[in-house]
Amino acid sequence: MGLSAAFFDLDKTVIAKSSALAFGRPFYRDGLISRRDVVKSAYAQLMFRLGGGTDEQAMARTRDYLAALCKGWRVEQVQQIVAETLNDLINPYVYAEAAALIAEHQAAGRDVVLVSASGDEMVRPIGALLGITDIIATRMAIVDGRYSGEVEFYAAGPAKVVGVRELAAARGYDLSDCFAYSDSSSDLPLLEAVGHPSAVNPDRALRRVALERSWPVLEFRHPVPLGRRLRDRPAVPVAAAALGVGVGVAIGFAIYGRHRRTRAAAVA
């Protein structure tokens, strides 16, 4: 247990897709959801992201819809689907920059915590893939091995901070010494709760706030499967993404790297 922690949002921060929607196809294949459910879930996710996810009524509607959708599902079946498809659906989409940053925090002795509105049954195996055991995620009520249609804890918006503060109190973290990373303005409460916030691939609203407050803005652009990350160490050093604020720095490094390769080829 470290003296401080780094809290990472999951979707579009650590992985280059929505973790909840990623499992839509196998859920459909195994009869848990209909084609109409797939379309509705994708639309709800799109509207949530376009709206910045900051509207409490929209969050409540999304929470209630997901609770109703999952009612009656066998928990064991969901866990089995996630385990069987994790390598194909999630592993190739983990940002190399995120994996490197997570490793840096762990090497510095900090606990790393995934904080996601997706269900615990999805987030925890993704965390295990990354060597992360501390998870704050949505928890559904379970009765006799099936989801009851009630939500025990919806880890979205301000509720994420509730989970973070509870963990900090239990572990003795000073949040002013902690770090947080997210892509969405819906996570402003999370970012504001720590002493070292960073925006990663931020939506428009979060980018504006980050620039106003001089928060680091990181651009993660290289999803790389775990096997290749371990072999190549990592494809893009996280330092390259973190040296400056905004897209300009990341573009500058890309142009510089391409220029060096071109010169090297000319010399050869």
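Structure first, text after, so check above.
Thoughts on the pattern of salt bridges
- Under the criterion given, the structure shown has nine salt bridges.
- With a shortest N-O distance of 2.8 Å, Arg29 and Asp30 are connected by a salt bridge.
- Arg29 gets classed as exposed once you look at its relative accessible area, which sits at 52%.
- On the basis of relative accessible area, Asp30 is assigned to the partly exposed category, the value being 32%.
- Among the charged side chains, a salt-bridge network with shared partners connects Asp9, Lys160 and Asp187.

Topic: the packing of aromatic side chains
- Considering all chains together, one arrives at five aromatic pairs under this definition.
- Between Phe8 and Tyr181, the aromatic rings sit 4.5 Å apart at their centres with planes inclined by 20 degrees, giving stacked as the arrangement. Placement of Phe8 in strand S1 (residues 5–9) and of Tyr181 in strand S5 (residues 179–182) is noted, with a sequence separation of 173 residues between them.
- Of the residues examined, Tyr181 reaches a relative accessible area of 5% and is grouped as buried.
- Taking 5.4 Å as the distance between ring centres and 65 degrees as the angle between the ring planes, the aromatic pair formed by Phe27 and Trp73 counts as edge-to-face.

Things to note about the pairing of S5
- By the alternation rule, side chains of S5 split into Phe179 and Tyr181 and Ala180 and Ser182, which are all buried.
- In this sheet, S5 lies alongside S1 in parallel orientation, the contact comprising three bridges. Residue pairing for S5: Ala6 is matched across the bridge by Phe179.
- As judged from the four bridges shared by S5 and strand S6 (residues 196–200), these two strands associate in the parallel manner. Bridge pairing in S6 places Ser182 opposite Ala199.

Thoughts on the packing of helix H5 (residues 75–89) against helix H7 (residues 120–129)
- Relative orientation of the contacting elements H5 and H7 amounts to 35 degrees, with a least axis distance of 10 Å. H5 and H7 meet at a crossing whose hand is right-handed. Every residue of H7 that contacts H5 at Val75, Val78, Gln79, Val82 and Leu86 is listed here: Glu121, Met122, Pro125 and Ile126.
- Classifying every residue of the contact of H5 with H7 by side-chain character gives seven nonpolar, one polar and one charged.

Side note on helix H8 (residues 158–171)
- Helix length check: H8 (14 residues) gives 20 Å between terminal C-alpha atoms against 20 Å at 1.5 Å per residue, within 8%.
- Within the span of H8, buried status applies to Ala159, Lys160, Val161, Gly163, Val164, Leu167 and Ala168.
- Once H8 finishes, Gly172 follows within two positions and takes phi at roughly 85 degrees, a positive value.

What about the environment of Phe220?
- Among the structural elements, Phe220 can be located in the loop between strand S7 (217–218) and helix H11 (226–232).
- Along the chain, Phe220 and Lys12 lie 208 residues apart, while their C-alpha atoms are 8.7 Å from each other.

Points about the side chain of Thr13
- Relative to the assigned elements, Thr13 resides in the loop between S1 and helix H1 (19–22).
- We classify Thr13 as buried; its relative accessible area is 1%.
- At 3.1 Å, the side chain of Thr13 forms a polar contact with the side chain of Asp9.
- A distance of 3.2 Å separates a polar side-chain atom of Thr13 from the backbone nitrogen of Asp183.

How each quantity is defined
- Residues numbered from 1 in each chain as written.
- Predicted model: local features only at pLDDT ≥ 70, side-chain atom pairs only at ≥ 80, totals over all residues.
- Heavy atoms only, no water.
- Salt bridge = Lys/Arg side-chain N within 4 Å of Asp/Glu carboxyl O.
- Buried < 20%, exposed > 50% of the residue type's maximum accessible area, 1.4 Å probe, protein only.
- Phe/Tyr/Trp six-rings, centres within 6.5 Å; stacked < 30°, edge-to-face > 60°.
- Helix = DSSP H or I, 4+ residues; strand = E, 2+ residues; numbered from the N terminus.
- Pairing = 2+ DSSP bridges.
- Axes fitted to C-alpha atoms, helices over the stretch in contact; angles between N-to-C directions.
- Left-handed = near helix turned anticlockwise from the far one by under 90°.
- Contact = heavy atoms within 4.5 Å.
- Nonpolar A, V, L, I, M, F, W, Y, C, P; charged D, E, K, R; others polar.
- Expected span 1.5 Å × (residues − 1).
- Polar contact = N/O pair within 3.5 Å; in protein donor to acceptor, adjacent residues only side chain to side chain.

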